[in-house]
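Fold and geometry: a report
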Amino acid sequence: MADTARDPPPEQTDFQELEDGEDLFPEPAAAPEQSGPASLPAEDVSTNSNGPKQDSLFDDDPEDLFAEATEEVSLDSPERDVLLSDGPSPAITPITPPTSVITPRIGHAHDDMFTHSSFDEIEEEEGGDSFDIHIAVSDPEKVGDGMNAYMAYKVTTKTSLSVFKQGEFSVKRRFSDFLGLHSKLASKYLHVGYIVPPAPEKSIVGMTKVKVGKEDQSSNEFVEKRRSALERYLMRTVKHPVLLKDPDVLQFLESSELPRAVSTQALSSAGLLRMVNKAADAVNKMTIKMNESDAWFEEKQQQFENLDIQLRKLHASVESLVCHRKELSVNTALFAKSAAMLGNSEDHTALSRALSQLAEVEEKIDQLHQDQANADFYLFSELLGDYVRLITAVKGVFDHRMKTWQKWQDSQMLLQKKREAEAKLQFTNKPDKLQQAKDEIKELEGKVQQGERDFEQISKTIRKEVSRFEKERVKDFKSVIIKYLESLVQTQQQLIKYWEAFLPEAKAIS
Amino acid sequence: MMGYLSVSLQPRAVNVDLQTDATLQVDISDALSERDKVKFTVHTKSTLPNFKQSEFSVVRQHEEFIWLHDSFVENEDYAGYIIPPAPPRPDFDASREKLQKLGEGEGSMTKEEFTKMKQELEAEYLAIFKKTVAMHEVFLCRVAAHPVLRKDLNFHVFLEYNQDLSVRGKNKKEKLEDFFKNVVKSADGVLVAGVKDVDDFFEHEKTFLLEYHNRVKDASAKSDRMIRSHKSTHTTALLRILLHHYAYYCTTTAPLRILLFFLKVSELFEKTRKIEARVAADEDLKLADLLKYYLRESQAAKDLLYRRGRALVDYENANKALDKARAKNRDVLQAETSQQLCCHKFEKISESAKQELIDFKTRRVAAFRKNLVELAELELKHAKGNLQLLQSCLSVLKGDT
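Residues numbered from 1 in each chain as written. Chains lettered and ligands numbered in written order. Predicted model: local features only at pLDDT ≥ 70, side-chain atom pairs only at ≥ 80, totals over all residues. Heavy atoms only, no water.

By the naming in an unreviewed UniProt entry, chain B goes by Sorting nexin and is assigned to Myripristis murdjan. Word for word, the UniProt comment on chain B under Sequence similarities (unreviewed entry) is "Belongs to the sorting nexin family." Its UniProt record gives chain B the following Function (unreviewed entry) comment, quoted word for word: "Involved in several stages of intracellular trafficking." (UniProt positions renumbered as here; feature names shortened; annotations may be inferred.)

The relation between two aromatic rings is expressed through the spacing of the ring centres and the mutual angle of the planes. Going through the model one piece at a time under the given rule, you end up with 27 aromatic pairs over all chains. On the basis of an interplanar angle of 85° and a centroid distance of 5.8 Å, the ring pair of Trp499 of chain A and Phe502 of chain A is categorised as edge-to-face. Pair noted here: Trp499 of chain A and Phe502 of chain A are both in helix α13 (residues 431–507), with a separation of three residues, about one helical turn. Each member of the pair, Trp499 of chain A as well as Phe502 of chain A, carries the same accessibility label: buried. Note on Tyr315 of chain B and Phe346 of chain B: the rings are 5.8 Å apart at their centroids and 25° apart in plane angle, and the pair reads as stacked. Note that Tyr315 of chain B is positioned in helix α8 (residues 256–328) and Phe346 of chain B in helix α9 (residues 332–400), a separation of 31 residues in sequence. A relative accessible area of 18% means that Tyr315 of chain B is categorised as buried. What makes Phe346 of chain B buried here is its relative accessible area of 10%. (Phe/Tyr/Trp six-rings, centres within 6.5 Å; stacked < 30°, edge-to-face > 60°. Helix = DSSP H or I, 4+ residues; strand = E, 2+ residues; numbered from the N terminus. Buried < 20%, exposed > 50% of the residue type's maximum accessible area, 1.4 Å probe, protein only.)

The next subject is the pairing of strand β2 (residues 150–159) of chain A. Residues and elements named next belong to chain A. A large share of β2 lies buried, amounting to seven of its ten residues. Of the strand pairs in this sheet, strand β1 (residues 133–143) and β2 are connected by nine bridges, and their pairing is antiparallel. Within β2, the residue paired with Val143 across the bridge is Tyr150. Linking β1 back to β2 in an antiparallel pair, the connection comprises six residues, with Gly144 at a positive phi of about 85°. Summarising the sheet, β2 and strand β3 (residues 168–174) pair through seven bridges and their orientation is antiparallel. Following the sheet pairing, Ala152 is matched in β3 by Arg174. (Pairing = 2+ DSSP bridges.)

Inspection of the secondary structure puts Asp308 of chain A in helix α11 (residues 295–345). Those residues in contact with Asp308 of chain A that sit more than four places away from it in its chain are Val388, Ile391 and Lys395 of chain A. (Contact = heavy atoms within 4.5 Å.)

Set out below in structure tokens:
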């Protein structure tokens, strides 16, 4: 028989040989992947008119390139770079921000804000990644009793932005206040193309439990989830440079008394009206056939459709991950108990003690698994949920653009008809009707021009909003992933502590 | 897919701490896995005069190991010893099935996925293979280390006779006979166990072993379950999440930094996943296998106690018969001989049993100590490895942001 030694490939080496101190994984170098970029295809780099930026791609300079930038490049990219780079970027001439931005805090303020220049100014003031406002939602407190009870949350703002009266202040708000804020912002900004972050969802079931006074695990979890969601909602809202300056937002954050937002109740007439409108909108959307002249929009819409599907799938994956981990936790707990029993029946004292210690270690590890499962769930699941809702808002904004286009087209067609009618009138002898027609035509011409301007404006706004959204999305996912990795680090550190404590017990067996 | 597999091995005492004795050293130096059987190359080095050569090898199959074990069990002379438990039958069915399914589904997955899964399944197959080799080896080593069993003639034949021993597996009839034998034995065992022993040592051992055996059984089952769920958790799912996101980005012309970010994170999870797989594998080896082995050994110890108990009952019955015979003054000589035989048998068993049980405890404590220490050391090593990977990746990622 062959006595020849046939060594298996190193990856599959006998696991026990590991004890010889063999390291099958080379320790990762500090930045092994950064040699990668040089070999990546140049097609990923947009053919940007900013020449110098392209060279810096292959350095380790943390530069962002926006492939989507097309005709906006010449006007906007300098500002964008100020937002993106976290350090001085040699390729960009720095733009000195204006010393102050005067924000007219009056009713029709938004007219001013839609002009191109002030938007840029607002962007400039943000500057870099150090966004100088932080909002915390805390101290949920039950107010009142029975079905009229509600949760009041403390909203604390810390900022050094000049648009606020103070540097640090807090107010008390309830859930319907948040919904009211969102509905005001939506009515002001959605139809001109701004992606207004959606408010957290209502939950009749969850809220009822709290109202009824059930003080258990699930209602505590519900309140915590809601608190966290409200905080994320506010932070997203103020991160938007235009929304931040909106008087409603400022009032929400600053003023101690807020008029009750009644029309946000789920089962109110206003709520029903909203639902009917939504349905009507959906029908309308299907009948609008827009002549898309801009490939960018078509492409983006498709991408958002895909992203929507993706995110829902990912949401499902996270759920299965959490399930698996909970199963592991259960089995670890069972084993821990079994090991404790075994330790009890072992009649060698030192071994018996070591086995009991092993049982304790496994119990602690079980707790670790549970905590990790929670982290998985909260971090990822909530984030994915937020984004599924945000995508809906994005899609809504695209729809508004279509509606704006439709309006423009409608006025154009009407103008055409009126012109034809006027031409006909020219051959009749009705001078006042003719004059009336001429007046109407003049008015319509104005409308058509306005319609075209509106359409161009919303298109421009959407482009900016979309690139802002994509940037924010990346930041969000990155920060969640980093938080998750940090939680994994903690888990491993705990594991090390537990096993290090156990090892001397095992060695003490004689 | 797995036509055959051969692995070169070094001698190891997995769960047993055995003194290696120069007079007789046995190990399995090679093994070949064919379609439906495994062929072990049993290698012997000995200075004993019983053997024709000082070093030689033969090829044996699982059935021949069982034959050897059964011959020990059926040998009355060995009634007073803990017979080393027989190695479990090599069972590649589950692994083979998985590999077959993979082969069938080859068309439905990407080449990369296929190769990765194939590697994983092959590694699993290899691990099972190594385990079965180890268990067969431990059996032989235990026999070789036992002062009496090592001299057994069947054992020498097993080691030296370089032809097929023509031992066939049991046929249906024989298996049925075995089954009934076992039923009778366990019923008898209960009866025998009920008899209180005059000797404190054995009484204690009886109680202890009964409880211990049950608890080891439970712990073994629970550790298996825990390790199985450990294998199927976590980072694979999360990896898929990230790869999805990453793939999405690749389809859009995303900024380079973002691609790199996701690339780094998915590479990280690939590495941590490998470490997690090793953690599960090490737990399997150091914990699950240990418990399984002592499940079998404690059963063998219980069997010894049963035999002694049986002999005690026979002895007491023989005493009663002798008294009766003396009282009736009939067949006294016969009764006396019978009683003397029983007495002799019982005392012989008792004497060796005591030592065997003490040795069992020593071996058990040593094996647990070795494995628990190694388990803790490996867990620490992997946790530290994981930690290092995570921390270095985090510092790179944070530095970029």
